[in-house]
Amino acid sequence: MKGKLALQHILKIIAQRLALGLLTLFAISLIITFGVELLPGDLAQAILGQGATPETVRVFRLELGLDKPPYLRYLDWLGGMATGDMGVSLSNKRQISELIGIRLSNTLFLGGFAALIAIPLALTLGILAALYRNSLFDRTINTVTITSISFPEFFIAYVLILFFAINLGWFPGISNISSELSLGDRLYRTLLPAATLTLVCVAHMMRMTRASIINLLASPYIEMARLKGIKPMRIIM
């Protein structure tokens, strides 16, 4: 019975978070849409340039639907988003969903690559720092992690580019990847961005792991396991 109530509570929290997220996106879309309407100038004129004739501007406005009131354009856009139609990019005439899909796949690949490096490294360093706390190893790791947390991500990225891309020439300074590349080439080209994310994530995760393990080692059942002669590595595992 308690397990069922706990599951219902978790599902309720997830539903509330999703609803809050959708409400936030809806409010942001309203602010952006009608905020853009308050900006001076004509979008069609800005895209076509000053040399466009009034007839060309009028036809282009009709093509973009700029002749409609703002609220009707917003409702059309909202209906398209609800059905999965994000529209066409004005800059290159490609489907926005296609452009987002390419970037989203690259983002997920980079995030997964960084996680494969960061999670095992952070857990290992956090456990070792907890086991040898107040030692030279622990103080060194804490100093390095606090330093990496203090620097913004873009600064760490610039430092890595300077040393490994410009000075040593081991990696490309710009990570351009596409679906035509092999897995090895994609991993090679995204190693510097993944290293940047790893340095930032490892610092946070390592410190949380260290604090959790230290609190865990002070538990009564851990003390009982030690008194029974169980090996420290088995206790940690």
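Residues numbered from 1 in each chain as written. Predicted model: local features only at pLDDT ≥ 70, side-chain atom pairs only at ≥ 80, totals over all residues. Heavy atoms only, no water.

**Student:** Before we go on, may I ask you to explain the overall build of the protein in this structure?
**Tutor:** Broken down by element type, the protein carries 11 helices and zero strands. Start at the N end of the protein and walk to the C end: the helices and strands fall as α-α-α-α-α-α-α-α-α-α-α. Projecting the C-alpha coordinates of the protein onto the three principal axes gives extents of approximately 90 × 60 × 35 Å. When the 237 residues of the protein are sorted by exposure, 21% land in the buried category. (Helix = DSSP H or I, 4+ residues; strand = E, 2+ residues; numbered from the N terminus. Buried < 20%, exposed > 50% of the residue type's maximum accessible area, 1.4 Å probe, protein only.)

**Student:** Help me understand the packing of aromatic side chains, please; the structure alone is not making it clear to me.
**Tutor:** One pair of aromatic rings is described through two measures. These are the centre distance and the angle between the planes. A full pass over the atoms with the stated rule returns six aromatic pairs. Considering the side-chain rings of F34 and Y74, the 5.9 Å spacing of their centres and the 45 degrees angle between planes classify their relative orientation as tilted. With a gap of 40 residues between them, F34 in helix α1 (residues 2-37) and Y74 in helix α4 (residues 70-82) connect regions that are remote in the sequence. You can call F34 partly exposed: its relative accessible area is 33%. Take Y74: its relative accessible area is 5%, and that puts it in the buried class. (Phe/Tyr/Trp six-rings, centres within 6.5 Å; stacked < 30°, edge-to-face > 60°.)

**Student:** Explanation requested: α4 in the structure shown.
**Tutor:** Owing to its 3.6 residues per turn, the α-helix brings residues three or four apart onto one side. For α4, which comprises 13 residues, the first-to-last C-alpha distance of 18 Å matches the rise-based estimate of 18 Å (1.5 Å per residue) to within 8%. Residues of α4 that are buried: R73, Y74 and G80. Summarising the axial view, the buried residues of α4 lie within an arc of 125 degrees, below the 170-degree limit, and thus occupy one face. (Expected span 1.5 Å × (residues − 1). Arc of directions from axis to C-beta.)

**Student:** Looking at this structure, I do not really get a nonpolar patch on the surface. What am I missing?
**Tutor:** Together, F151, F154, F155, Y158, V159, L162, F163 and I166 give the surface a local cluster of nonpolar side chains, amounting to about 810 Å² of exposed area. Following the sequence through the fold, F163 ends up in helix α7 (residues 153-167). (Patch = residues over 30% accessible without salt bridge, like charges linked within 9 Å, V, L, I, M, F, W, Y side chains within 5 Å. Areas by Shrake-Rupley, 256 points an atom, 1.4 Å probe, with all protein chains shown as cover. Salt bridge = Lys/Arg side-chain N within 4 Å of Asp/Glu carboxyl O.)

**Student:** Just checking my understanding: could you explain the packing of helix α5 (residues 96-131) against helix α9 (residues 191-217) for this structure?
**Tutor:** Two packed helices can be described by the angle between their axes and the distance between those axes. Contact geometry for α5 and α9: axes closest at 6 Å, N-to-C directions at 35 degrees. Of the two possible hands of crossing, α5 and α9 adopt the one that is right-handed. Residues belonging to the contact of α5 with α9 are distributed by class as follows: 25 nonpolar, three polar and one charged. (Axes fitted to C-alpha atoms, helices over the stretch in contact; angles between N-to-C directions. Left-handed = near helix turned anticlockwise from the far one by under 90°. Nonpolar A, V, L, I, M, F, W, Y, C, P; charged D, E, K, R; others polar.)

**Student:** I keep staring at the side chain of T196 and nothing clicks. Help me out?
**Tutor:** Here T196 shows up in helix α9. Leaving out residues up to four positions away in the same chain, T196 has contacts with E153, I156, A157 and L160. (Contact = heavy atoms within 4.5 Å.)

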